[in-house]
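# Remarks on the overall topology
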Amino acid sequence: YFMKKHIFTLGAAVLLLASCQNNPSQNANNVVSDTTTMMEDAAKKVEEVVTPQLLATYVGTLPAADCAGLATVIHLYADDTYVKQESCASKDYQAKEEGKVVRTDKGFTLVPNAGDHKSYYVTKGDNIVQVGEDGKEPQMVKDYTLTKQM
């Protein structure tokens, strides 16, 4: 009788402990659910940082003192930002610059996010011409012209 009572008490204690603990498969489901929610939230944030609409792309080769020619691509975006890429094959040189576009009455100025080397352009039909800070066109206009691609 004494032995049956202890076995019954021990069995009840085991059942009580087992029922108090969380179901492991339920915990796994909660972790999967939380992870899925975090991934969906991250995806929404990525969508909010989508690149703005591209307005125009200009390409060409500009003269350079220490290079046969600086291949230049400028992308202008709807939110008044730009990306300018330059490369010189003969010098194994590549650069990428990003910044703000400041519109002027004749064209625009590119103001980089880093550094203070602004570049100035005037609009000529569908193309743009790199000009000096004073806005004056160079003597060899065609050498400083970038052609609109889109």
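Keep in mind that what you see is a predicted model, and the values were worked out from it rather than measured.

### Let's talk about the pattern of salt bridges
In total, this model carries 4 salt bridges according to the counting rule given. The partner of Asp-80 in a salt bridge is Arg-103, with the nearest N and O atoms 3.7 Å apart. Pair noted here: Asp-80 is in the loop between strand 2 (67–77) and strand 3 (81–88) and Arg-103 is in strand 4 (residues 93–103), with a separation of 23 residues, a long-range link. A residue is classified by how much of its surface remains accessible, and Arg-103, at 45% relative accessible area, is partly exposed. In this structure, Glu-98 engages Lys-96 in a salt bridge whose closest nitrogen and oxygen atoms are separated by 3.8 Å. Classification of Glu-98 as partly exposed rests on a relative accessible area of 41%.

### Notes on the sheet that holds strand 3
The strands making up a sheet associate through backbone hydrogen bonding, with each pair oriented either parallel or antiparallel. Spatially, the 8 strands close up into a barrel ordered 1-2-3-4-5-6-7-8, and their pairing is antiparallel. Geometrically, the sheet is characterised by an average inter-axis angle of 30° between neighbouring strands, direction not taken into account. Both strand 6 (residues 119–124) and strand 7 (residues 127–131) contribute to a ladder of 5 bridges, which runs antiparallel. Residue pairing for strand 7: Tyr-121 is matched across the bridge by Gln-130.

### Remarks on the pairing of strand 7
Counting the residues between successive antiparallel strands, the hairpin from strand 6 to strand 7 contains 2 residues, one of them, Gly-125, with a positive phi of roughly 65°. Judged from the 2 bridges that link them, strand 7 and strand 8 (residues 145–148) form a sheet pairing that is antiparallel. Within the sheet, the bridge partner assigned to Ile-128 lies in strand 8 and is Leu-146.

Rules used in this analysis
Residues numbered from 1 in each chain as written. Predicted model: local features only at pLDDT ≥ 70, side-chain atom pairs only at ≥ 80, totals over all residues. Heavy atoms only, no water. Salt bridge = Lys/Arg side-chain N within 4 Å of Asp/Glu carboxyl O. Helix = DSSP H or I, 4+ residues; strand = E, 2+ residues; numbered from the N terminus. Buried < 20%, exposed > 50% of the residue type's maximum accessible area, 1.4 Å probe, protein only. Pairing = 2+ DSSP bridges. Axes fitted to C-alpha atoms, helices over the stretch in contact; angles between N-to-C directions.

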